[in-house]
Amino acid sequence: MRSLSKSALVTAAFSVSLVGVVPAEAAARTQPGTVIDSEVLPHRLWLPGTGRAYRLTYWTKNAKGKPAPSGGVVFLPRGKAPRGGWPVVSWAHGTVGVGDACAPSTAGRSDRDIKYLRKWLAQGYAIVATDYQGLGTPGVHPYGDGRTEAYNVTDMVRAGRHLVKSLAKKWVVIGQSQGGHATLFTLAIAGRYAPELDFRGGVATGSPSNIESVVPLAGPYVPNVPLTGLVTYFLYFLGGLRETHPELDINRFLTPRGLDLVDKGERLCYDGMHEQVEGVGVGDILAKPLFDASFHRAERAALEVPLTGYTRPFYLAHGMLDTDVPILLTFKLVADLRAHRAPVTFKAYPGVDHSGNMFASLPDTVPFVHRILARK
């Protein structure tokens, strides 16, 4: 059982207060993007170059499409907002874990992400950064469920604009790793999901794709290879699927060691979980193959990147030495996207790994975002 943060307790109390409210009024109070509570972000959690920053809790959707709270942060550049307001970058973070203690709005951000985000803040963009639903708020974080994360990313823009009047309508999405996957889903749905905003496109780096074709092949026969990051991601995904799809009875697929690790994954953040799975392979986790029709339908619905729905340009960047998300899967995604006439720009970056790709791509992605935000 998770312990609730102060923000989560406020949210839970607010939710309970809706009991007895007429349906129309309750629906209005839980409208996606509605701010539940807010406060000034403690200064120790500010990005370098921040002028003002706020932490908030807002309504979005969970994996069942029902109203659910999420937390997030708004970072504003220093100085006066330009005419029309600060253009907005909605940041989709990479894997931090699924426990409440891992939420970036309270736990802070990695040095990598701080260094990266300060580059975008310095461009004169406001940054709104969701924690994702279930991280630091009631409910389970459905790790790897791209559509839910896309709702969270988009509703964070709505919430930010409700709280801070100097934010512009025009916005882009930028995400890395898990957040790159969320970015692709956001790119496919944001224009329709939030038509009142001016969505311009975005940037996805180190983005997982085509995983739904690989996961069902896993079983106890998979040899132990030194890919600790992938094992950690896999355990988080199984834990999220176990909570959002109890009918699958995920535990029946797990060895005692696998069950213990999935349980630990519900509370351990990435670094702690990484230590736990050192030397553990996928075959050590699974007692039986995942080749099961009901499992495949559920994991495919969560993971499969859309190939249509893209109405705005986007940049896809990937490091050639990425061992967390093998680039061969991205090559297939790009071929499929181009076959469907998606407005994608793709570049593979030699000599860089999963994290290095974020910075190697900046000379290309910064002007790309500037162009799509500047157009009339």
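Residues numbered from 1 in each chain as written. Predicted model: local features only at pLDDT ≥ 70, side-chain atom pairs only at ≥ 80, totals over all residues. Heavy atoms only, no water.

> Looking at this structure, how should I read the overall build of the chain?
Of the regular secondary structure elements, the chain holds 14 helices and 9 strands. By the compact-globule yardstick of 21 Å for 376 residues, the chain fits well, its C-alpha radius of gyration being 20 Å. Viewed in the frame of its principal axes, the chain has a C-alpha envelope of about 60 × 55 × 40 Å. The buried share of the chain, reckoned over its 376 residues, is 55%. Counted over contacts in the chain with a minimum sequence separation of 6, partners at least 24 positions apart contribute 78%. For the chain, the exposed surface amounts to about 15,700 Å²; the carbon and sulfur share of it is 58%. (Helix = DSSP H or I, 4+ residues; strand = E, 2+ residues; numbered from the N terminus. Rg over C-alpha atoms; globule rule 2.2 N^0.38 Å. Buried < 20%, exposed > 50% of the residue type's maximum accessible area, 1.4 Å probe, protein only. Contact = heavy atoms within 4.5 Å. Areas by Shrake-Rupley, 256 points an atom, 1.4 Å probe, with all protein chains shown as cover.)

> What is the right way to read helix 4 (residues 111-121) from this model?
Because an α-helix packs 3.6 residues into every turn, residues spaced three or four apart end up facing the same way. What helix 4 keeps buried is the set D113, Y116, L117, W120 and L121. Axial view of helix 4: buried residues confined to an arc of 145 degrees, hence all on one face. (Arc of directions from axis to C-beta.)

> What's the story with the nonpolar core in this structure? I'm lost.
One recurring pattern in soluble globular proteins is that nonpolar side chains are buried together. One finds L167, W171, L184, Y310 and L316 to be the most contacted residues of the largest nonpolar core, which totals 46 residues. It is helix 6 (residues 178-193) that provides the largest number of residues to this core, a total of 8 residues. Setting aside anything within four residues of it in sequence, one finds Y310 in contact with L184, L187, A188, V305, L337, A342 and P343. (Core = buried A, V, L, I, M, F, W, Y, C linked by side-chain atoms within 4.5 Å.)

> Sorry if this is basic, but what is going on with the packing of helix 5 (residues 146-163) against helix 6 here?
Describing two packed helices takes the angle between their axes plus the distance from one axis to the other. Two elements in contact, helix 5 and helix 6, have axes separated by 7 Å at closest approach and are oriented at 65 degrees. Between helix 5 and helix 6, the crossing angle belongs to the class labelled roughly perpendicular. Two packed elements cross with a definite hand, and for helix 5 against helix 6 that hand is right-handed. Touching G146, R147, E149, A150, Y151, V153, T154, D155 and R158 of helix 5 are Q178, H181, A182, F185, T186, I189, A190 and Y193, all from helix 6. Here the contact of helix 5 with helix 6 is composed, by residue class, of 8 nonpolar, 5 polar and 4 charged. (Axes fitted to C-alpha atoms, helices over the stretch in contact; angles between N-to-C directions. Parallel < 35°, antiparallel > 145°, perpendicular 65-115°, else oblique. Left-handed = near helix turned anticlockwise from the far one by under 90°. Nonpolar A, V, L, I, M, F, W, Y, C, P; charged D, E, K, R; others polar.)

> Would you explain the state of the cysteines in this entry?
Covalently bonding the sulfur atom of one cysteine to the sulfur atom of another cysteine gives a disulfide. According to the stated counting rule, one finds 1 disulfide in the structure shown. Shown here is the disulfide that connects C102 with C269, its sulfur atoms set 2.1 Å apart. Measuring handedness by torsion sign, the sulfur bridge of C102 and C269 sits at about -105 degrees and is left-handed. With C102 in the loop between strand 4 (86-92) and helix 3 (104-107) and C269 in the loop between helix 8 (256-265) and helix 9 (270-276), this pair connects stretches of sequence that are 167 residues apart. Judged by its relative accessible area of 5%, C102 is buried. Since its relative accessible area comes to 25%, C269 is described here as partly exposed. (Disulfide = S-S within 2.5 Å.)

> Hey, could you run me through the packing of aromatic side chains in this one?
To describe a pair of aromatic rings, one takes the distance between the centres and the angle between the planes. Considering all chains together, one arrives at 12 aromatic pairs under this definition. Relative to Y116, the ring of W91 lies with its centre 5.6 Å away and its plane at 50 degrees, an arrangement referred to as tilted. Within this pair, whereas W91 is found in strand 4, its partner Y116 is found in helix 4, the two being separated by 25 residues in sequence. The pair W91 / Y116 is uniform in exposure class, with both members buried. Pairwise contacts between aromatic rings join W91, Y116, W120, Y125 and F359 into one cluster. Here the basic side chain of K61 rests over the ring of Y151, its NZ or CZ set 4.9 Å away from the ring centre. (Phe/Tyr/Trp six-rings, centres within 6.5 Å; stacked < 30°, edge-to-face > 60°. Lys NZ or Arg CZ within 6 Å of the ring centre and 35° of its normal.)

> Is there a simple way to think about the sheet that holds strand 8 (residues 314-319) in this case?
Strand pairs in the sheet, formed through backbone hydrogen bonds, run parallel or antiparallel to each other. Strand order in the open sheet formed by 9 strands is 1-2-3-5-4-6-7-8-9, and the pairing between neighbours is mixed. Taken across any chain shown, the strands that pair with only one partner, and hence form the sheet edges, are strand 1 (35-40) and strand 9 (344-349). With direction set aside, neighbouring strand axes in the sheet form an average angle of 20 degrees. In terms of strand pairing, strand 8 meets strand 9 through 6 bridges, oriented parallel. (Pairing = 2+ DSSP bridges.)

> What is the right way to read the pattern of salt bridges from this model?
Side chains carrying opposite charge are able to pair once their charged atoms draw close together. All chains considered together, the criterion is met by 12 salt bridges. In this structure, E266 engages R242 in a salt bridge whose closest nitrogen and oxygen atoms are separated by 2.9 Å. One end of the pair, E266, is in the loop between helix 8 and helix 9; the other, R242, is in helix 7 (residues 228-244), and 24 residues separate them in sequence. Its relative accessible area of 13% is what places R242 among the buried residues. Its salt-bridge partner being D364, residue K347 comes within 3.3 Å of it at the nearest N-O pair. Remark: D364 occurs in helix 14 (residues 362-374) and K347 occurs in strand 9; sequence separation between them is 17 residues. Among the ionic contacts, a cluster of salt bridges with common partners joins D155, R158 and E196. (Salt bridge = Lys/Arg side-chain N within 4 Å of Asp/Glu carboxyl O.)

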